Every structure is written in C-alpha cells, then in structure tokens.
Amino acid sequence: MVFWMGCVFEGGLVVVALALAAWLGLPLIDGLRPDGTGVALGVAGTAPPLLLLWWIRRSRSRGLVEFRRFLAERVEPLFAGWSVAQFAVLSVLAGFGEEMLFRGVLQPAAAGVLGEIPGWIAVSLLFGALHALNRTYFLLATALGLYLGWLSMWSGGLISPIVAHGLYDFLALALFLGRMGGD
C-alpha cells in the first residue's frame, strides 16, 4: 500500500508541476529535452550526495548516530519487503516529480520574484521543510535541494537534476535498506 501511495504522490507532482508551469507561463517542457550530456552530468552529479551519504553512514557524531537510529526505527519499516524494482520505480517518479516541481517551476518562479540566488535558497529551504522528518533530515534535504538547484542552474535544464535525484534516491534506499551490501 505504501508503495502505491508513494507512486501516486510522486507521479501527482508531475501533474501539479505541468499545471503550475502552464498557469505561470513557464517553459517547463524546454528543460526536459533529453540529451546525453544532461544524463551524463546527472549520473556524475550523483557522486557528491553519495559521498555525503557515505559520511553519514560512518560518522560517529551523536546527531548522525541518532539520525541513523531514527531511519532504522521509523523509515526502514515503511520499505520492508519492497523489491529493488519498487525502489527503482519510486526513485524515478521522485526524480521527475520533485525536480519538475521544485527546480522546473518553483525555483524559476521564486527567482522571478526574489532574484536568482534568493529564489534558489528559498526553494531549497522549502524542499528541506517538506522533507523534514526531523531536524537532521531537514538540514540534509535542504543541502540536497541547494545542490540540485545549483545543478539545474549550472546545467541549464532539468535532465541533470532529475537523473541525479532519481539515481541518488535509488542508491540511498538500496544502501540503507541493505539491498546492496555495505556496513
């Protein structure tokens, strides 16, 4: 049930992003033109958040130890019994839905009102707040939002952050839930 709810939610973000882009007159579809460079940048762009994940998994910092315990007790049970294919499907939907909404619609809209850098920061804070399961998760999600927003600005499109976000989510789920070995 959680899998299907996640799919409906993440897929619904695509619909919301398309509707908002049309309403605001934003050229969302232009940023979705697939190209090899954008995909390659997205794959390479997965490295920094994966390095952060590696550090989080090994850190002995009290806050990060508590964060890992929180994930084990509260988040991992939601994914119990999921297959690698289910991780992949949800990760792809999250990459598309969240990046289309946050980097494809909200970031350009906020940049139009606040300016590019303040808009980028504001949307990254919103991204963090909407992912905030606890304070540490808020900080990490805000950092990821800043990174993905920067990747979108730097690459000039949405393909790179979509690929980076989806691939990172997939690898993070698989690593944290023991589907890829580790620890």
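Residues numbered from 1 in each chain as written. Predicted model: local features only at pLDDT ≥ 70, side-chain atom pairs only at ≥ 80, totals over all residues. Heavy atoms only, no water.

Our next topic: the packing of aromatic side chains. The tally for this structure, following the rule as stated, stands at nine aromatic pairs. Ring centres of F79 and F87 lie 6.4 Å apart, and the angle between their planes is 70 degrees; this geometry places the pair in the edge-to-face category. Note on F79: relative accessible area 14%, which makes it buried. The class for F87 is buried, based on a relative accessible area of 0%. Relative to F87, the ring of W82 has its centre 6.0 Å away and its plane inclined at 35 degrees; by these criteria the two rings are tilted. (Phe/Tyr/Trp six-rings, centres within 6.5 Å; stacked < 30°, edge-to-face > 60°. Buried < 20%, exposed > 50% of the residue type's maximum accessible area, 1.4 Å probe, protein only.)

The next subject is the layout of surface pockets. What the largest pocket holds in volume is close to 1300 Å³. Considering the residues around the largest pocket, the lining is formed by 43 residues, among which F79, H131, L133, Y137 and D169 are closest to the centre. At seven residues, helix 5 (residues 84–114) tops the list of elements feeding residues into the lining of the largest pocket. Size it by volume and the second largest pocket reaches roughly 200 Å³. Lining the second largest pocket are L26, P27, L28, D30, G31, R103, G104, P108, S152, G156, G157 and L158. Grouping the amino acids of the lining of the second largest pocket by side-chain chemistry returns five nonpolar, five polar and two charged. (1 Å grid on protein atoms, 1.4 Å probe; cavity = no way out; pocket = protein on both sides within 12 Å on 5 of 7 lines; lining within 4 Å. Points joined across faces, edges and corners; volume = space filled by probe spheres on them. Helix = DSSP H or I, 4+ residues; strand = E, 2+ residues; numbered from the N terminus. Nonpolar A, V, L, I, M, F, W, Y, C, P; charged D, E, K, R; others polar.)

Functional significance is not addressed by these values, which are geometric in nature.
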